[in-house]
Amino acid sequence: MRFSKTFTAVALAFGVTSAAQAADLKIGMVLPMSGPFAPYGEQILNGARLYLEQNQQKLGDRTVELIVKDDTGVAPAVSRRAAQELVNRDKVDILAGFGLTPSAFSVGPLATQAKVPMIVMNAATSSVTEKSPYIVRTSMALPQITAPIASWAAKNDIKKVYTLVADYGPGHDAEKQFVETFTEAGGEIVGQVRTPVGNPDFAPFLQRIKDSNPDAVFLFVPAGEQGVAFLKGYQERGLAAEGIKLISTGDLTDEDVLDAMGDAVGVMTSFHYAEAHDSELNKQYVQSYYKAYPGKRPNFMSVAGYDGMQLIDAVLKKNGGDTSGDAFIEAAKGLSWESPRGQVAIDPETRDIVQDIYIREVKEVDGKLQNVEFDRLPEFKDPVKAKN
Ligand code: PHB
């Protein structure tokens, strides 16, 4: 009896110690892992896991446990419940992930209430970072990736544009910024349409665009299958043949779907990451990514996941491992590091990411479609927040 009691006590003590060592830092990831946006979850996790793999599963000097919850895509109530469970039951130190804007919007107030840092790794509506003082974003803001292609278009003989955007936060941001930048530079908007977030049939819109005969169509739809469908329709309905150019944010020509796009050569976009980005660090990133995930192309979401982990690592090294909301955010403000996309920094005023934005053209390089960068706007902030 005495022996068994002692044994239990020792076993318990041992159990507690080893658990604490093994799961020192809990990060709760809220991501679409099923449904039409499941590739977002996969790519973000791939990037996050690659960073952990390269760093012995440690951030700061704490061993990481990732807990992943599927929010199924555009389902804010599911995202909120998932985040609530992660905070209340799993007692995570940090929330991360967030593939789509409605998901980040719904969880922001919870991060505020619980004072838990929330690392947004995709959701890109400008105002996402204003939903909680504990949010830091490692992806992009729609106005930030839209303004450069609008300026480029105005300078490159595109005078009349028709805009087509997905009818929710990021689409509204893209539309507003495109119209503002393009018309201020002397361009004219000849038509505008907003399409449903889920699986729209682009055929009727494409006909209308063709009939209004613009120089170009500006597009924002969430990365993935919709862009592929749009490009097919754009070719089949003869818009390309009529010489109507296609300009977009780089979400359209995301490397994850580029191979499925058929003839995307010549599509012009502005964006912060390309697999073909020419830097030593990116070459290493691309190589490690292919090695870790054979057959998968590294894309912007994977880099945002990778950089999210890199950010947490840098914060914990700077502040001695403190994940409490206020201490974490204080240390995150102003941090800068080299990402596979180039140099990035966290704006101390807005907690949003400052990064170079590139103008790119889809070209075939060594038998593979790539976004080839040819112009760069250095340290470009979200223009909406920079104005305030
Ligand atoms: C978003 O919902 O914020 C979002 C989703 C996909 C993108 C960009 C933004 O490609």
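Starting afresh in each chain, residues are numbered from 1 along the sequence in its written order. Where totals are concerned, whole chains, interfaces and linings use all residues; where local detail is concerned, this predicted model gives features only for residues with pLDDT of at least 70, and gives and counts side-chain atom pairs only at 80 or more. Excluding hydrogens and water, the side-chain figures rest on all heavy atoms present in the structure.

Student: An account of the packing of aromatic side chains is requested, with residue identities and associated values reported.
Tutor: Aromatic pairs are defined between Phe, Tyr and Trp rings, using the six-membered ring for Trp, whenever the two ring centres lie within 6.5 Å; interplanar angles under 30 degrees are classed as stacked, those over 60 as edge-to-face, and all others as tilted. Within this structure, the stated rule accounts for 10 aromatic pairs. The interplanar angle of 70° and the centroid separation of 4.9 Å between the aromatic rings of Tyr285 and Tyr306 together place this pair among those described as edge-to-face. With a gap of 21 residues between them, Tyr285 in helix H10 (residues 280-292) and Tyr306 in helix H11 (residues 300-319) connect regions that are remote in the sequence. In this structure Tyr285 comes out as buried when scored by relative accessible area, which is 3%. Taken together, the aromatic side chains of Tyr51, Tyr285, Tyr289, Tyr293 and Tyr306 make up a single cluster linked through ring pairs. Any Lys NZ or Arg CZ that is within 6 Å of a ring centre and within 35 degrees of that ring's normal is treated as a charge sitting over the ring. The residue whose ring lies beneath Lys131 is Phe105, and the NZ or CZ to ring-centre distance is 4.6 Å. Strands are runs of DSSP state E lasting at least two residues, helices are runs of H or I lasting at least four, and both sets are numbered from the N terminus onward. Here the term buried applies to any residue with accessible area under 20% of the maximum for its type, exposed to any over 50%, and partly exposed to those in between, with areas from a 1.4 Å probe on protein chains only.

Student: Describe the pairing of strand E3 (residues 62-70), with residues and values.
Tutor: Walk down a regular strand and you will see the side chains alternate between the two sheet faces. A strand pair is defined by DSSP finding two or more bridges across the two strands. The sheet contact formed by strand E1 (residues 25-31) and E3 spans seven bridges and is parallel. Bridge pairing in E3 links Leu31 to Asp70. Sheet analysis places strand E2 (residues 58-59) next to E3, joined by two bridges and oriented antiparallel. Residue pairing in the sheet places Leu59 in a bridge with Arg62 of E3. Here E2 folds back onto E3, and the loop between the two strands holds two residues, one of which, Gly60, carries a positive phi near 60°.

Student: I'd like a description of the site of the ligand, backed by residues and values.
Tutor: The full set close to the ligand counts 15 residues, and Thr101, Ala124, Tyr168, Ala223 and Asp251 are the nearest of them. Pairs of N or O atoms are called polar contacts if they sit within 3.5 Å, as long as, within protein, a hydrogen donor faces a hydrogen acceptor (for residues adjacent in sequence, only side-chain-to-side-chain pairs). Ala223 places a main-chain nitrogen or oxygen 3.1 Å from an oxygen atom of the ligand. Note that accessible areas follow from Shrake-Rupley with a 1.4 Å probe, and for residues the cover is restricted to the protein chains shown. Here the ligand loses 100% of its free accessible area of 280 Å² to cover by the protein chains. Residue composition of the shell around the ligand, grouped by class: 11 nonpolar, three polar and one charged. Taken domain by domain, the shell around the ligand gets at least three of its residues from each of domain 1 (4-140 + 279-351) and domain 2 (143-271 + 357-387). Proximity criterion: a residue is near a molecule or strand once any of its heavy atoms comes within 4 Å of it. All amino acids are sorted into three groups, where Ala, Val, Leu, Ile, Met, Phe, Trp, Tyr, Cys and Pro are nonpolar, Asp, Glu, Lys and Arg are charged, and the leftover types, Gly among them, are polar. Domain start and end points were adopted from an automatic or database domain assignment.

Student: Got a sec to walk through the pattern of salt bridges? Specific residues and values, please.
Tutor: In the sections that follow, a salt bridge refers to a side-chain nitrogen of Lys or Arg positioned within 4 Å of a carboxyl oxygen of Asp or Glu. The tally for this structure, following the rule as stated, stands at 20 salt bridges. For the salt bridge of Lys296 with Glu42, the shortest nitrogen-to-oxygen distance reads 3.3 Å. Of this pair, Lys296 sits in the loop between H10 and H11 while Glu42 sits in helix H2 (residues 38-54); the two residues are 254 residues apart in sequence, bridging distant segments of the chain. Assessed through its relative accessible area of 33%, Lys296 is described here as partly exposed. Measuring nitrogen to oxygen at the nearest pair gives 2.8 Å for the salt bridge that ties Asp352 to Arg137. Remark: Arg137 occurs in strand E6 (residues 135-137) and Asp352 occurs in the loop between strand E13 (342-346) and strand E14 (353-365); sequence separation between them is 215 residues. As far as the burial class goes, Asp352 and Arg137 line up, both buried. Each of the salt bridges in this network shares a partner with another, and the network as a whole consists of Arg137, Asp352, Asp382 and Lys385.

Student: If you had to explain helix H8 (residues 225-236) to someone new, which residues and values would you point to?
Tutor: Expected helix span is taken as 1.5 Å per residue step, with the number of steps being one fewer than the number of residues. Helix length check: H8, at 12 residues, gives a terminal C-alpha distance of 17 Å against a target of 16 Å (1.5 Å per residue), a fit within 8%. Among all positions in H8, only Gln226, Gly227, Val228, Phe230, Leu231, Gly233 and Tyr234 are buried. We call two residues contacting when some pair of their heavy atoms lies within 4.5 Å. Those residues of H8 that are buried are in contact with strand E7 (160-166), helix H7 (203-212), strand E9 (216-220), strand E10 (245-249) and helix H9 (255-258). Looking one or two residues beyond H8, the residue adopting positive phi is Gly238, at roughly 85°.

Student: Give me the lowdown on the domain arrangement of the protein chain, citing residues and values where you can.
Tutor: A common way to state how big an interface is: give the accessible area lost once the parts meet. What the domain assignment lists for the protein chain is domain 1 (4-140 + 279-351) and domain 2 (143-271 + 357-387). Each of domain 1 and domain 2 was reduced to a C-alpha centroid, and the two centroids are 29 Å apart. Contacts between the two partners involve 25 residues from domain 1, matched on the other side by 25 residues from domain 2. In total, domain 1 and domain 2 occlude about 1800 Å² of area from one another, counting both sides; carbon and sulfur atoms represent 54% of this. Our count for the domain 1 to domain 2 interface comes out at two salt bridges. The interface formed by domain 1 and domain 2 holds 12 residue pairs in polar contact (both at pLDDT 80 or more) in total. Elements with a minimum of two residues in the side of domain 1 that touches domain 2: H2, helix H4 (101-114) and H11. In terms of residue count, the dominant contributor to the side of domain 1 that touches domain 2 is H2 (three residues). Here the residues of the side of domain 1 that touches domain 2 are counted per class, giving 12 nonpolar, eight polar and five charged. Summed over both partners, the accessible area lost on bringing two parts together, with a 1.4 Å probe, is the buried area.

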